[in-house]
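# Structural overview
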Amino acid sequence: MGTLTKFALGMMGQLRPKPAQGEASPTIVLPSPVTEGGMPLMTALSRRQSARTFARDELPLSMLSNLLWAACGVNRPDGGRTAPSALNAQEIDVYVALPSGAYLYHAAANVLQLKVVRDLRRVTGYQDFVDDAPLDLVFVADHSRMKLVPVGQRASFASAAAGAISQNVYLFAASNGLSAVIRAWIDREAIADALGLSHDQQVLLSQTVGYPKDRVSPT
Ligand SMILES: Cc1cc2nc3c(=O)[nH]c(=O)nc-3n(C[C@H](O)[C@H](O)[C@H](O)COP(=O)(O)O)c2cc1C
């Protein structure tokens, strides 16, 4: 669906998910992430950029697991994460929109929990590429976890935390030859509605990730 059509539908409150494709499991147990090695940090930084053309090929589960761990996985025995959060509130939830459904990433258990058996990718933004790229992440702040943060600062602190997560994803993408773009031009109401979010939950940003369109698919 084209960007203008999507925007018009969004204005009318009509941006809706598509039926799910393929089998949706209630829980996807992710393979253990590979948390060592990879491209040197300075090389990844020199390659970080936004890209907006994607191949449709799905990412292998091992790649998805590594990507989510890089984003905000648990990297210490005390439950600390790869991305910071104010007062360690860990208020950002990462929803994973795949063709088979929308899942919530549980970092400690390293699983994806099925939330909606619909293809929500179309709803995660107005730009046309989000519909067909294999993965759209949605960063959602849960304000109920931010009780120690003054009310007036919760939204900005949560946005900073989501920004850190998105940069982790950008660096992972750069180091693995993937395309990625963080997006704020999204229909937050449509996303919240499609995900069945509560009033405590605030949709902040979305990020599309996938192989570059011009890649040669393995046969
Ligand atoms: C908060 C924020 C919101 C953004 N929103 C969008 C967006 O809605 N759509 C989009 O295509 N790019 C979006 N971008 C990506 C910027 O356009 C991009 O980072 C900028 O053009 C610089 O390009 P670079 O990331 O390749 O350095 C956003 C970036 C940030 C930091």
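Keep in mind the model is a prediction, meaning the values are calculated, not measured.

### Thoughts on the nonpolar core
One finds L67, L68, V96, Y105 and L137 to be the most contacted residues of the largest nonpolar core, which totals 48 residues. For this core, the secondary structure elements donating two or more residues are α3 (61–72), β3 (92–98), β4 (101–106), β5 (111–116), β7 (135–142), α4 (154–175), β8 (179–183) and β9 (201–210). Leaving out residues up to four positions away in the same chain, L68 has contacts with L30, G73, V94, V96, Y105, L112 and L137. Of all hydrophobic cores here, the second largest spans 19 residues; its members include L9, L104, A190 and A194.

### Observations concerning the side chain of N66
Of note, N66 is situated in helix α3. By relative accessible area, which is 16% here, N66 ends up buried. Non-local contacts of N66, meaning those with residues more than four positions away in its chain, are made with S32, P33, V34 and F172.

### Thoughts on the site of the ligand
Neighbouring the ligand are R48, Q49, S50, R52, Q127, V181, I182, R183, A184 and W185. R52 has a polar side-chain atom sitting 2.6 Å from an oxygen atom of the ligand. Interatomic distance of 3.0 Å between a backbone N/O atom of A184 and a nitrogen atom of the ligand. Its residues placed into classes, the shell around the ligand shows 4 nonpolar, 3 polar and 3 charged.

### Looking at the pairing of β7
Judged by how many residues are buried, β7 sits mostly within the fold: 8 of 8 residues are covered. Here β7 shows a buried face lined by L135, L137, F139 and A141 and a second buried face lined by D136, V138, V140 and D142. Across 6 bridges, β3 lies against β7 in antiparallel orientation. Across the sheet, residue V96 finds its bridge partner in β7, namely L137. Pairing of β7 with β9, which is carried by 8 bridges, proceeds in the antiparallel orientation. Residue pairing across strands places D142 opposite Q201, the latter belonging to β9.

### Description of unusual backbone geometry
At N88, a position not held by glycine, the phi torsion is positive, near 55°. Among the secondary structure elements, N88 is positioned in the loop between α3 and β3. Classification of N88 by relative accessible area gives exposed; the value is 51%. A positive phi angle, close to 50°, is found at Q90, a residue other than glycine. Within the element layout of this structure, Q90 appears in the loop between α3 and β3. The exposure class assigned to Q90 is partly exposed, which follows from its relative accessible area of 22%.

### Quick word on helix α5 (residues 188–195)
By the burial criterion, the buried members of α5 are A190, I191, A194 and L195. Summarising the axial view, the buried residues of α5 lie within an arc of 120°, below the 170-degree limit, and thus occupy one face. Residues of α5 that are exposed and angled more than 90 degrees away from the buried face: E189 and D193. Buried residues belonging to α5 abut β3, β4, β5, β7 and β9.

Rules behind the numbers
Residues numbered from 1 in each chain as written. Predicted model: local features only at pLDDT ≥ 70, side-chain atom pairs only at ≥ 80, totals over all residues. Heavy atoms only, no water. Core = buried A, V, L, I, M, F, W, Y, C linked by side-chain atoms within 4.5 Å. Buried < 20%, exposed > 50% of the residue type's maximum accessible area, 1.4 Å probe, protein only. Helix = DSSP H or I, 4+ residues; strand = E, 2+ residues; numbered from the N terminus. Contact = heavy atoms within 4.5 Å. Near = heavy atom within 4 Å. Polar contact = N/O pair within 3.5 Å; in protein donor to acceptor, adjacent residues only side chain to side chain. Nonpolar A, V, L, I, M, F, W, Y, C, P; charged D, E, K, R; others polar. Pairing = 2+ DSSP bridges. Arc of directions from axis to C-beta.

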